[in-house]
Amino acid sequence: MTATTEAGVTGTSTAVNPVLRVAPASPAAAAAYFGASLAFHADVSDVAAALGAGGDPGFVVLDSRSTESWDQGHVPGAVHLPTALIPEQAEQLLDKSVPVVTYCWGPGCNGATRAALALAELGFQVKEMLGGFEYWAREGFEFETWEGRERRAADPLTAPLDAADCGC
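Source: prediction; values computed, not measured.

1. Brief notes about the overall build of the protein
Secondary structure summary: the protein contains six helices and nine strands in total. In terms of overall dimensions, the protein is more spread out than a globule: its C-alpha atoms have a radius of gyration of 21 Å, far above the 15 Å expected for 168 residues. C-alpha atoms of the protein, sized along the principal axes, occupy 65 × 40 × 30 Å. Restricting to contacts in the protein with at least 6 residues of sequence separation, those with at least 24 account for 58%. When the accessible surface of the protein is summed, it comes to about 10,200 Å², and 58% of that surface belongs to carbon and sulfur atoms. The averaged location of the 21 negative side-chain charges in the protein is 3 Å from the averaged location of its 9 positive side-chain charges.

2. Structural notes on the side chain of His-74
Note on placement: His-74 falls in the loop between helix H3 (67-72) and strand S5 (79-80). Here Trp-70 takes part through its backbone oxygen, which lies 2.9 Å from a polar atom of the side chain of His-74. For His-74, the residues in contact, after removing those within four places along its chain, are Asp-63, Arg-65, Tyr-103, Phe-133, Phe-143 and Glu-144.

3. Some remarks on the layout of surface pockets
When its volume is computed, the largest pocket comes out at roughly 510 Å³. Lining the largest pocket we find 24 residues, and of these Ser-45, Glu-139, Phe-141, Asp-165 and Cys-166 sit closest to its centre. Considering every element that reaches the lining of the largest pocket, the biggest residue donor is helix H2 (residues 44-52), with five residues. In terms of residue class, the lining of the largest pocket is built from 13 nonpolar, five polar and six charged. As a volume, the second largest pocket reaches approximately 160 Å³. Around the second largest pocket sit Phe-34, Ser-37, Leu-38, His-41, Ala-42, Asp-43, Asp-46, Val-47, Phe-59, Val-101, Lys-127 and Leu-130, which together line it.

4. Structural notes on helix H1 (residues 27-40)
Helix length check: H1 (14 residues) gives 20 Å between terminal C-alpha atoms against 20 Å at 1.5 Å per residue, within 8%. Counted residue by residue, H1 has one buried out of 14 residues, so it is predominantly exposed.

5. Examining the sheet that holds strand S4 (residues 60-63)
The sheet built from five strands is open, its strands ordered S3-S7-S6-S4-S5 with parallel pairing. Every other strand in the sheet has two partners, leaving strand S3 (41-43) and S5 as the edge strands with one partner each. Relative to strand S7 (residues 126-130), strand S6 (residues 100-103) is paired through three bridges, and the arrangement is parallel. Each residue of the ladder has a partner; that of Val-100, found in S7, is Val-126. Packing against the sheet, H1 makes contact with S3 and S7, and its axis sits at approximately 95° to S7. Across the sheet, H2 is in contact with S3, S4, S6 and S7; its angle to S3 comes to roughly 75°.

6. Points about H2
Within H2, burial applies to Val-44, Val-47 and Ala-48. Projected down its long axis, H2 carries its buried residues within an arc of 100°, all on one side. Buried residues along H2 sit against S3, S4, S6, S7 and helix H6 (132-138). Sitting at the head of H2, Asp-43 places a side-chain oxygen 3.1 Å from the backbone nitrogen of Ser-45. Positioned one or two residues after H2, Gly-54 has a phi angle of 85°, which is positive.

Conventions adopted
- Residues numbered from 1 in each chain as written.
- Predicted model: local features only at pLDDT ≥ 70, side-chain atom pairs only at ≥ 80, totals over all residues.
- Heavy atoms only, no water.
- Helix = DSSP H or I, 4+ residues; strand = E, 2+ residues; numbered from the N terminus.
- Rg over C-alpha atoms; globule rule 2.2 N^0.38 Å.
- Contact = heavy atoms within 4.5 Å.
- Areas by Shrake-Rupley, 256 points an atom, 1.4 Å probe, with all protein chains shown as cover.
- Lys, Arg positive; Asp, Glu negative; His and termini not counted.
- Charge placed at Lys NZ, Arg CZ, Asp CG, Glu CD.
- Polar contact = N/O pair within 3.5 Å; in protein donor to acceptor, adjacent residues only side chain to side chain.
- 1 Å grid on protein atoms, 1.4 Å probe; cavity = no way out; pocket = protein on both sides within 12 Å on 5 of 7 lines; lining within 4 Å.
- Points joined across faces, edges and corners; volume = space filled by probe spheres on them.
- Nonpolar A, V, L, I, M, F, W, Y, C, P; charged D, E, K, R; others polar.
- Expected span 1.5 Å × (residues − 1).
- Buried < 20%, exposed > 50% of the residue type's maximum accessible area, 1.4 Å probe, protein only.
- Pairing = 2+ DSSP bridges.
- Axes fitted to C-alpha atoms, helices over the stretch in contact; angles between N-to-C directions.
- Arc of directions from axis to C-beta.

Below, the structure is given as structure tokens:
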């Protein structure tokens, strides 16, 4: 079979598929990118494990959503500071020597990213919790509401049902 590749070379190979249309990065570039990503992000399972280990986890969790959202449910022990109030209140509520992990609703919301940016611009060390409150609840971790503490069954599409962790 004769085909023309993305580069315009005619030969007996098949056309490049959508995954490889743009070649993967070099191993060195990939290591730098993924290493940097981990410097900026934490996932809900890692945050829950650190908070549940007892003692000082070495960071504070910050919920950047509205009061109405906070009342619906939030990570136990989190600091509530809506993104819009960060410039005027962060330095009174947070210690710049303690890293901050921000979260918002979930993967479809960039509120935690905006909060992390606002905190970084004020000189705070910051990471964003991937998955936000949505995945915190979906993975079966306890949360607080205006009525008290709750926990939902873990969603089998987001967390293992019969293991302590996902093994990743």
